[in-house]
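Examining the three-dimensional arrangement
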Amino acid sequence: MKIPDGKTITLTFLSTNLKEPKLRWAVNFVLKGGATSGDMFEIKAEDGEGNKISKAIFEFAGTCIDIKDGVGAISYNDFIKGKHEKGVWLKRPKSEPVPGLLTFA
């Protein structure tokens, strides 16, 4: 996967439909052009009310990513290595894991 220099792609993952907005989540990956194996991609996570998720584990691409104060990161290598993995979950302390999926706008 090659993103041209100077371009940025944002991937948005959303939780499956839950009735309680506080349990919903949205995770955005910011993929910057020209990334190489040593680079990290920033991840931002918020709940269904637009608040930063204070603490969670985002499971994506076969890896678990720590989210703290609404922010996390995944290495370029981990992203590429697990790009065909289908499971997407957000796991908060003392809560059941909530599945999600990639969205297209």
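Structure report, in brief. Fair warning: this is a prediction, and the values are worked out from it, not measured in the lab.

1. As for the environment of Tyr76
Considering the arrangement of structural elements, one finds Tyr76 in helix H1 (residues 76-81). Considered as a pair, Tyr76 and Met40 are 36 residues apart in the sequence and their alpha carbons are 5.7 Å apart.

2. Section: the packing of aromatic side chains
According to the stated counting rule, one finds 11 aromatic pairs in the structure shown. Here the aromatic rings of Phe29 and Phe79 are separated by 6.2 Å at their centres, their planes lie at 50°, and the arrangement is tilted. Residue Phe29 is located in strand S2 (residues 25-32), and its partner Phe79 is located in helix H1; the two are separated by 50 residues in the primary sequence. Accessibility expressed as a relative area gives 5% for Phe79, which makes it buried. Taking the centre distance of 6.1 Å and the plane angle of 15° together, the rings of Phe58 and Phe60 count as stacked. In this structure an aromatic cluster arises from ring pairing among Phe13, Trp25, Phe29, Phe41, Phe58, Phe60, Tyr76 and Phe79.

3. Some thoughts on the nonpolar core
Phe13, Trp25, Phe29, Phe58, Phe60 and Ile74 are the most contacted members of the largest nonpolar core, which totals 24 residues. Sorting the residues of this core by element identifies strand S1 (8-15), S2, strand S3 (40-47), strand S4 (55-60), strand S5 (63-68) and H1 as the ones contributing at least two each. Contact partners of Phe60, with chain neighbours within four places excluded, come to Phe13, Phe29, Ile65, Ile74, Phe79, Gly87 and Val88.

What counts as what
Every chain is numbered on its own, with residues counted from 1 as its sequence reads. Side-chain atom pairs in this predicted model are given and counted only at pLDDT of 80 or more, local residue features only at pLDDT of at least 70, and totals for whole chains, interfaces and linings cover all residues. Values shown for side chains rest on all heavy atoms present in the structure; no hydrogens or waters enter the calculation. Numbering of helices and strands starts at the N terminus; helices are DSSP runs of H or I of at least 4 residues and strands are runs of E of at least 2. For this analysis, a ring pair means two rings from Phe, Tyr or Trp (six-membered ring only for Trp) whose centres lie within 6.5 Å, classed as stacked if their planes differ by under 30 degrees, edge-to-face if by over 60, and tilted for the remaining angles. Each residue is placed in one exposure class: buried if its accessible area under a 1.4 Å probe, protein chains only, is under 20% of its type's maximum, exposed if it is over 50%, and partly exposed if it falls in between. We call a set of buried residues a nonpolar core when its members are Ala, Val, Leu, Ile, Met, Phe, Trp, Tyr or Cys and they connect through side-chain atoms within 4.5 Å of each other. Note on definitions: a residue-residue contact is assigned when non-hydrogen atoms from the two residues lie within 4.5 Å.

Functional significance is not addressed by these values, which are geometric in nature.
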